[in-house]
Amino acid sequence: MIPVCHLADLPAGESVRIDTAPPIAVFNADGQLYAIDDTCTHQDASLADGWLEGCLVECPLHAASFDLRTGAPTCLPARRAVRTHPVTVEDGMIYVHHVAEEGTAA
């Protein structure tokens, strides 16, 4: 598990980037926490810097949009999904359970 921050430090509508390899973005979408790979699959841009609307995040570079629940792109120019990661909260601290890329260890 990767510690992210205290739940109180991530208000609804905000996100935080974790400097892992690859980077992970954690979002508070109206009280629900989601974690996805931070890099847009269309081009190198941080999704944590994007615009959050409900369970969708829009890439700040070319407006590709991803569903935080599944990682699936919801519009062009992105065609590939971003990886999702389970999130838990224990004693007020947010943790991400890093999902390894295929062929690598977590």
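Each value, and the rule that gives it
Residues numbered from 1 in each chain as written. Predicted model: local features only at pLDDT ≥ 70, side-chain atom pairs only at ≥ 80, totals over all residues. Heavy atoms only, no water. Buried < 20%, exposed > 50% of the residue type's maximum accessible area, 1.4 Å probe, protein only. Helix = DSSP H or I, 4+ residues; strand = E, 2+ residues; numbered from the N terminus. Pairing = 2+ DSSP bridges. Contact = heavy atoms within 4.5 Å.

Going by what an unreviewed UniProt entry lists, the protein is known as Bifunctional 3-phenylpropionate/cinnamic acid dioxygenase ferredoxin subunit and is assigned to Streptomyces siderophoricus.

Draft legend 1. A look at the pairing of strand 4 (residues 32-37). Counting buried residues along strand 4, five of its six residues qualify, which places the element largely inside the surrounding structure. Examined bridge by bridge, strand 3 (residues 24-29) and strand 4 share six bridges and lie antiparallel to one another. Residue pairing across strands places Ala25 opposite Ile36, the latter belonging to strand 4. In sequence, strand 3 turns back onto strand 4 through a hairpin of two residues, with Asp30 there showing a positive phi of about 55°.

Draft legend 2. Just the environment of Thr41, in detail. Among the secondary structure elements, Thr41 is positioned in the loop between strand 4 and strand 5 (51-53). Assessed through its relative accessible area of 16%, Thr41 is described here as buried. Placed 37 residues apart in sequence, Thr41 and Ala78 show a C-alpha to C-alpha distance of 6.1 Å. Once you skip the residues sitting within four places of it in the chain, Thr41 turns out to touch Phe66, Ala78, Arg80, Ala81 and Val82.

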